[in-house]
Amino acid sequence: MLLTGQIKWLAVLLATMVFSLCLALPLDDYRKALIRTEEMLQIGGELLLTEQEELANEKLMALKNAEITQAMKKNQFPPSMHFFRAKKLIEESKVFCVLKKMPKGAALHLHDFGILSVDWLVRNVTYRPHCHLCFTPSGNLKFRFADPAPPTPKPEGCSEWILLEKYRKQLQNVTEFDNSLLRNFTLVLEDPEIAYSDQAVIWARFENIFIAVSGLVHYAPVFREYFARGLEEFYEDNVQYLELRATLYPVYELNGQTHDQEWSLKTYQEVAQKFAKDHPDFTGVRIIYSNNRKNDVDRVAESVQIAMKLRVKFPESMAGFDLVGQEDKGHSLWDLKEALLLPATQGFDLPYFFHAGETNWQGTSIDENVLDALVLNTTRIGHGFALGRHPMARNVSWNRDIPIEVCPISNQVLQLVSDLRNHPAASLMSSGHPMVVSSDDPSIFGAKGLSYDFYEAFMGIGGMKADLRTLKQLALNSIKYSSLSVDKKKTTKEVWQKKWDKFVDDLAKLL
Ligand SMILES: *[C@@H]1O[C@H](CO)[C@@H](O)[C@H](O)[C@H]1NC(C)=O
Ligand SMILES: *[C@@H]1O[C@H](CO)[C@@H](O)[C@H](O)[C@H]1NC(C)=O
Ligand SMILES: *[C@@H]1O[C@H](CO)[C@@H](O)[C@H](O)[C@H]1NC(C)=O
Ligand SMILES: *[C@@H]1O[C@H](CO)[C@@H](O)[C@H](O)[C@H]1NC(C)=O
Ligand SMILES: *[C@@H]1O[C@H](CO)[C@@H](O)[C@H](O)[C@H]1NC(C)=O
Ligand SMILES: [Zn+2]
């Protein structure tokens, strides 16, 4: 990528100059050469397809063109609509149907409690014995399993604990209540633009969802099962490997006993290994330990120390470290440099996977996170939404082959961009910038797995010319840019290739 990339650019530059100077060249040829060159530059543009892949590509592009033509006629194009309204239309799309079947490789940007559709939490978990809830004055919920009840201490800023079993018994309409719980666990509603008047409002709701869900999921038996079911959901969506940002907050038992980070990481590892054993075509999961970027430098330093310890103890599962939470409201990476430089000063290898540039406030210290992340040797850039506005960050990311993790639906729902055709990754896709596509917190956005985000990237961000090459490159990138060892990448890619060939065969045969 590094060298061929540079040569590629030079070649393009040269070709452009020669063509524009050489007036004898027919305009038409010049134009064709420019178009051809652009097609080569776009992500996957240099991939050579097999005969069978060419056939599959024709089928795919026929479906895509038909859907886009129809969308233009009706003036109703899912990627340019809010996902909450687009979801139904996406599910009717034949392209989406293909994308669901496509082996997508890895999902590299996900968070611990956003990977599983919320139905199971409501219909199974909240029906388990000893489940308590309390109401906050602003209408949010907290949950806690405990026996003997009531759990202590009484939560701050919340009503007394109420046993859910008892509460349901005195309700007129339990279905209605359960539906309200479902609404509590996602951001989905009818008029998002009105209900979420600005980013502060939606981030507050987003964080309250995490609080509500975490009371359920941090209960030890649920913790295991939630994770296993989350893996199942991604596996069914044809994803082979996950990297999960996890805060490793204390998991608790019914009697109130709590577990430390090591316990959580060990549990993740056990569940993932069992899942991989039961599904030999699944590679596994690696964890990126994450602290909140609102924390001060001392607390972040503590968590960096913990991350180093965990990395020594769990080299298989522990991929590295990140900071999470709303970037605009947190500390900049540079503010936290004292903590983040600890591993380097000790000669310790702690890979970073920083969220950076998830902001629209150009020129702020937060916006400079994309530069800071690179200065601090990040392995990938989470979102990198602001990357296009930083020519040097873009340059360094390109030259050092550090990809961005594009999460289209997350960026739209959290109000960085409304029409996904205008997503800044469009310019990066068209110039073949290193990137992967991921889904961040699909369950909270009302999505599932990885396919919805692939749909948005393929149909909206990539434009008309994104084709099977684009998709293949994105899948290949997800393995290439993962934190897996060279050996594991090789075996994961071999398994992927088999799945891909089968997928291509099926697509080529499509009527
Ligand atoms: C929840 O699901 C488990 C299986 O995973 C089942 O054993 C249990 O009975 C269910 N509980 C409720 C309350 O539905
Ligand atoms: C309970 O609420 C649901 C959903 O709002 C509704 O469909 C159902 O008819 C209600 N049932 C009763 C008995 O009122
Ligand atoms: C959350 O659930 C409570 C209890 O049913 C309800 O009052 C509240 O409206 C729900 N919140 C949302 C956002 O639906
Ligand atoms: C980043 O990597 C370079 C080159 O390997 C190294 O010299 C530098 O110390 C690293 N910086 C940090 C903060 O890890
Ligand atoms: C970006 O990187 C290339 C090397 O690939 C270098 O030649 C070029 O000058 C850089 N651009 C800027 C703006 O520094
Ligand atoms: Zn994220």
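The structure we're discussing is the one just above.
The shown structure was predicted, so the numbers you read here are calculated from the model rather than taken from an experiment.

*Asks:* Would you take a moment to explain the overall build of the chain for this structure?
*Replies:* Counting its secondary structure elements, the chain contains 22 helices and 11 strands. Considered along the principal axes of its C-alpha atoms, the chain spans approximately 90 × 55 × 45 Å. Contacts in the chain between residues at least 24 apart in sequence constitute 77% of all its contacts with a sequence separation of at least 6. One finds the centroid of the 58 positive side-chain charges in the chain at a distance of 3 Å from the centroid of its 64 negative side-chain charges.

*Asks:* Is there a simple way to think about the pattern of salt bridges in this case?
*Replies:* Opposite charge on two side chains makes pairing possible when the charged atoms of those side chains draw close. Scanning the entire structure with this criterion turns up 27 salt bridges. In this structure, Glu 53 and Lys 472 form a salt bridge, with 2.9 Å as the shortest nitrogen-oxygen distance. Linking Glu 53 in helix H3 (residues 51–74) with Lys 472 in helix H21 (residues 468–480), this pair joins segments that are 419 residues apart in sequence. Here Glu 53 falls in the buried class, since its relative accessible area comes to 3%. Between Asp 467 and Arg 469 there is a salt bridge, and its shortest N-O distance comes to 2.6 Å. The network of salt bridges with common partners includes Glu 243, Arg 245, Asp 322, Arg 380 and Glu 405.

*Asks:* Sorry if this is basic, but what is going on with the packing of helix H4 (residues 83–92) against helix H20 (residues 451–461) here?
*Replies:* In helix packing, the relevant descriptors are the interaxial angle and the interaxial distance, both defined with respect to the helix axes. One way to put it is that H4 packs onto H20 with a least axis distance of 12 Å and a crossing angle of 95 degrees. Here H4 lies roughly perpendicular to H20, going by the angle between them. Residues Phe 83, Lys 87, Ile 90 and Glu 91 of H4 touch H20, and the partners they reach there are Tyr 452, Tyr 455 and Glu 456.

*Asks:* In this structure, what is going on with a negative patch on the surface? I would like to understand it.
*Replies:* A grouping of Asp 296, Asp 298, Glu 302 and Glu 338 is seen on the molecular surface, where their side chains present a negatively charged patch. Its place among the elements puts Asp 298 in helix H13 (residues 297–313).

*Asks:* Sorry, what's going on with the packing of aromatic side chains here?
*Replies:* Each aromatic ring pair is characterised by the separation of its centres together with the angle its planes make. If you walk through the whole model with that rule in mind, you get 23 aromatic pairs. Judged by centre distance (4.7 Å) and plane angle (75 degrees), the ring pair of Phe 227 and Tyr 268 falls under edge-to-face. One end of the pair, Phe 227, is in helix H11 (residues 220–236); the other, Tyr 268, is in helix H12 (residues 261–278), and 41 residues separate them in sequence. Comparing Phe 227 with Tyr 268 shows no difference in burial state: the two are buried.

*Asks:* Sorry, what's going on with the nonpolar core here?
*Replies:* Side chains of a nonpolar character, in soluble globular proteins, are inclined to be buried together. One finds Phe 143, Leu 187, Phe 321 and Leu 340 to be the most contacted residues of the largest nonpolar core, which totals 137 residues. The dominant element in this core, judged by the number of residues it contributes, is helix H10 (residues 199–217), at eight residues. When residues of this core are assigned to domains, at least three map to each of domain 2 (95–118 + 205–500) and domain 3 (119–184). With residues up to four places along the chain from it excluded, the contact list for Leu 187 reads Phe 84, Tyr 196, Ile 202, Arg 205, Phe 206, Ile 209, Val 413, Leu 414, Ile 444 and Phe 445. In terms of nonpolar packing, the next biggest core, distinct from the first, is built from six residues, Leu 108, Tyr 241, Val 436 and Leu 484 among them.

*Asks:* What is the right way to look at the environment of Pro 280 in this model?
*Replies:* Examined against the element boundaries, Pro 280 turns out to sit in the loop between H12 and strand E6 (284–292). When its relative accessible area of 70% is taken as the criterion, Pro 280 is described as exposed. Once the C-alpha coordinates of Pro 280 and Met 429 are considered, the two residues, 149 residues apart in sequence, prove to be 33 Å apart.

*Asks:* Looking at this structure, I do not really get the site of ligand 3. What am I missing?
*Replies:* Near ligand 3 the following residues occur: Phe 135, Leu 141, Phe 177, Ser 180, Arg 183 and Asn 184. At 2.2 Å from an oxygen atom of ligand 3 is found a side-chain nitrogen or oxygen belonging to Asn 184. Computed on the free molecule, ligand 3 has an accessible area of 360 Å², of which 63% lies beneath the protein chains in the complex. No other element matches the four residues that helix H8 (residues 174–184) contributes to the shell around ligand 3. Partitioned by chemical class, the residues of the shell around ligand 3 number three nonpolar, two polar and one charged.

*Asks:* What is the right way to look at the pairing of strand E1 (residues 106–111) in this model?
*Replies:* Side-chain direction in a regular strand flips from residue to residue, so the side chains alternate between the two faces of the sheet. Of all six residues in E1, six are buried, a share of seventy percent or more. Pairing geometry for E1 and strand E5 (residues 241–246), over four bridges, is parallel. In the strand pairing of E5, Ala 106 is matched with Tyr 241.

*Asks:* I would appreciate a short explanation of the sheet that holds strand E8 (residues 355–356) in the present structure.
*Replies:* Strand pairing within a sheet occurs via backbone hydrogen bonds; the two strands may be parallel or antiparallel. Sheet architecture is open: four strands sit in the order E8-E9-E10-E11, paired in parallel fashion. At either end of the open sheet lies a strand with only one pairing partner, and these are E8 and strand E11 (435–437). Pairing geometry for E8 and strand E9 (residues 381–383), over two bridges, is parallel. Its bridge partner being in E9, His 355 is matched across the sheet by Gly 382.

What counts and how
- Residues numbered from 1 in each chain as written.
- Chains lettered and ligands numbered in written order.
- Predicted model: local features only at pLDDT ≥ 70, side-chain atom pairs only at ≥ 80, totals over all residues.
- Heavy atoms only, no water.
- Helix = DSSP H or I, 4+ residues; strand = E, 2+ residues; numbered from the N terminus.
- Contact = heavy atoms within 4.5 Å.
- Lys, Arg positive; Asp, Glu negative; His and termini not counted.
- Charge placed at Lys NZ, Arg CZ, Asp CG, Glu CD.
- Salt bridge = Lys/Arg side-chain N within 4 Å of Asp/Glu carboxyl O.
- Buried < 20%, exposed > 50% of the residue type's maximum accessible area, 1.4 Å probe, protein only.
- Axes fitted to C-alpha atoms, helices over the stretch in contact; angles between N-to-C directions.
- Parallel < 35°, antiparallel > 145°, perpendicular 65-115°, else oblique.
- Patch = residues over 30% accessible without salt bridge, like charges linked within 9 Å, V, L, I, M, F, W, Y side chains within 5 Å.
- Areas by Shrake-Rupley, 256 points an atom, 1.4 Å probe, with all protein chains shown as cover.
- Phe/Tyr/Trp six-rings, centres within 6.5 Å; stacked < 30°, edge-to-face > 60°.
- Core = buried A, V, L, I, M, F, W, Y, C linked by side-chain atoms within 4.5 Å.
- Domains from an automatic or database assignment.
- Near = heavy atom within 4 Å.
- Polar contact = N/O pair within 3.5 Å; in protein donor to acceptor, adjacent residues only side chain to side chain.
- Nonpolar A, V, L, I, M, F, W, Y, C, P; charged D, E, K, R; others polar.
- Pairing = 2+ DSSP bridges.

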